[in-house]
Amino acid sequence: MGMIQLSAKDKILSSCLPGKANLQLQEIQQTMCKLRSTRFGYFCGYYPKMKDWRGFRVSFQFSVSYLFGSILQGSSLGKWKWNSKLDCQRVTLTWQVHEYIQCLARWQPCPSPIDLLGSVRDTFMAGFRFQILVAAACLIFPLLNSPRRIEAQGLWPGFYSLSCPNVQDIVTTTVKSHLRADNTVGAALLRLHFHDCFVQGCDGSVLIDGPSSEKNAGPNTGLRGFEVIDDAKTKLEAACPGVVSCADILSLAARDAVVQSGGPFWMVPLGRRDGTVSLIADAFGLPSPVDSVARIKDKFLQKGLSTGDMVALTGAHTIGQTDCAFFRYRLYNYNSSGNPDPTINTQYLATLQQKCPLGTSGSVRVALDKDSPSIFDEVFFKNVQQGNAVLESDQRIYQDMSTQFMVDMFAGFSGMSFKGSFISAMLKMSSIGVKTGTDGEIRKVCSKFNHL
Ligand code: HEM
């Protein structure tokens, strides 16, 4: 690129880049070019190797570049105004976008776009145009980004196409027939998959019966839906014996539960094998409704899931129910204050108190999303905004500044950005610690290890 002259302004801007004190001049100039010139950062020589790439990747890069170029221009619509604080934020965002695009181009698993926005949200959240772009990004990116991550884990949707071609139909039909008998079982299947994946990876360990198995751990209280998995397994063993793992059945059943509740469809990558360990002690790391947002974020991070993934997955509470036991403490004497949790909407508080009176211990089920408890939609996030979340951990994602804007984002645009981000996060979650190849086994019965 020859000699590059950096102006004083360029030097100040480059000092804004986090942890990039020794940044190469060429990189700085490319960043400046992207910042300054047009929304088509693409034309700045920002992607010098693009002519080597296959057609669709070129156009993909182009749309990414255009999208984020537009975000950078943002509300100022291309009028560059010098303001060191704002500029630093823009430089930081640009740099993050640069790294994100590099990550995508390397064909690697990359974070969700919603995470990219945390550090700069205050500057840009005001613009409606910006929000639309983010919603679109949340919708488009998962579809482009997630499959490569999953393939990297050795899973793919066509895994059984020769060995058990009807696997999807058999699981879907089984889930549908159980839902006809009890329409709350879909939520139970979704939760089951989450509790499986967070302990020992997605390996069906949660399905094992026995006094010392995961199933009996406190955090697994209330897990349901095991009979649906057993039923599907029996049918699959009849159609293709010893082929389909219980872990894969769980993953398919969770997807079907979402679809049957009106949620989005995605192709489930397959090829997981079943684990041979299931211990109560391992299940205590599951997130709890009394955990702080920081703690929950950390628990998700340990599984390779970002804050954006965590908030999107919490949206699973758009369907299903909970027991008074999990939230009664919020209703009367929260934190020994003698009063209810002040973040509960006062109108809804009366309803919750009526359903879960003080001093009773009877098992009463209360919808996690009061307005559309059996429909998979963004209404759950609207309820969180209004103080109508039932679980404390659900409400806290609106009090915490690192997650509040995500709730706002997911609550809008008819759930578009929620559903896109949910798919992406589910694909990540369902590939946690998977066993493939010759690891583990294919159980004959989902509730028992083969050697028993
Ligand atoms: C963020 C941390 C989370 C916490 C603290 C949490 C906690 C809980 C609790 C306490 C219940 C009530 C259980 C009962 O009373 O039977 C519940 C229900 C449920 N959870 Fe979560 N959860 C979390 C994340 C997730 C995730 C990631 C998913 C799935 C992707 C999920 C899906 C569900 C579903 C669908 C239900 C309803 C189950 C039913 O109706 O039987 N949850 N959750």
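Look a little higher up for the structure.
Just so you know, these numbers come straight off a predicted model, no measurement behind them.

Q: A description of the site of the ligand should follow, citing residues and the corresponding values.
A: Taken together, 24 residues lie near the ligand, and Gly222, Leu313, Ala316, Gly320 and Thr322 sit nearest. Every element with two or more residues in the shell around the ligand is listed here: helix H9 (185-197), helix H13 (307-314) and strand S1 (321-323). Both domains that meet at the shell around the ligand, namely domain 2 (167-283) and domain 3 (293-429), each give it at least three residues.

Q: Now, about helix H11 (residues 246-260): what can you tell me, with residues and values included?
A: Residues that lie three or four places apart on an α-helix share one face, since the helix turns once every 3.6 residues. Between its first and last C-alpha atoms H11 spans 20 Å; for 15 residues at 1.5 Å apiece the expected length is 21 Å, and the two agree. The buried fraction of H11 amounts to 14 of the 15 residues, a majority that puts the element mostly inside the structure. Remark: Gly262 follows H11 within two positions and exhibits a positive phi of approximately 90 degrees.

Q: Please provide a residue-by-residue account of the nonpolar core, values included.
A: Grouped together as the largest cluster of nonpolar side chains are 81 residues, with contacts concentrated most on Leu189, Ile229, Ile249, Ala253, Val407 and Phe410. Of all the elements, H11 adds the most residues to this core, at 9 residues. Each of domain 2 (167-283) and domain 3 (293-429) contributes no fewer than three residues to this core. When near neighbours in sequence (up to four residues on either side) are disregarded, Val407 contacts Val311, Phe381, Val384, Gln385, Ile397 and Tyr398.

Q: Can you tell me about the environment of Tyr348, naming the residues and giving the values?
A: Looking at the secondary structure, you find Tyr348 in helix H14 (residues 346-355). Residue Tyr348 is classed as partly exposed on the basis of its C-beta count, with 16 C-beta atoms lying within 10 Å. The contact partners of Tyr348, leaving out residues within four places of it in the chain, are Lys370 and Asn388.

Q: Explain the packing of helix H8 (residues 167-181) against helix H10 (residues 226-239) to me, and be specific about the residues and the numbers.
A: The geometry of a pair of packed helices is captured by two quantities: the angle between their axes and the separation between those axes. The interhelical angle for the contact between H8 and H10, taken along N-to-C directions, is 145 degrees, at an axis separation of 9 Å. As for the relative orientation of H8 and H10, their crossing is right-handed in sense. Contact residues: Val167, Ile170, Val171, Thr174, Val175 and His178 in H8; Val228, Asp231, Ala232, Lys235, Leu236 and Ala239 in H10. Split by residue class, the contact of H8 with H10 holds 8 nonpolar, 2 polar and 2 charged.

Q: Would you mind going over unusual backbone geometry in detail, with residue names and values included?
A: A positive phi angle, close to 65 degrees, is found at Gln200, a residue other than glycine. Its 22 C-beta neighbours within 10 Å are what place Gln200 among the buried residues. Positioned with a positive phi, Asn335 is a non-glycine residue whose angle comes to about 50 degrees. Along the chain, the position of Asn335 falls in the loop between S1 and H14.

Procedures and definitions
- Residues numbered from 1 in each chain as written.
- Predicted model: local features only at pLDDT ≥ 70, side-chain atom pairs only at ≥ 80, totals over all residues.
- Near = placed C-beta within 6 Å.
- Helix = DSSP H or I, 4+ residues; strand = E, 2+ residues; numbered from the N terminus.
- Domains from an automatic or database assignment.
- Expected span 1.5 Å × (residues − 1).
- Buried ≥ 20, exposed ≤ 12 C-beta atoms within 10 Å, placed from the backbone.
- Core = buried A, V, L, I, M, F, W, Y, C linked by C-beta atoms within 7 Å.
- Contact = placed C-beta atoms within 7 Å.
- Axes fitted to C-alpha atoms, helices over the stretch in contact; angles between N-to-C directions.
- Left-handed = near helix turned anticlockwise from the far one by under 90°.
- Nonpolar A, V, L, I, M, F, W, Y, C, P; charged D, E, K, R; others polar.

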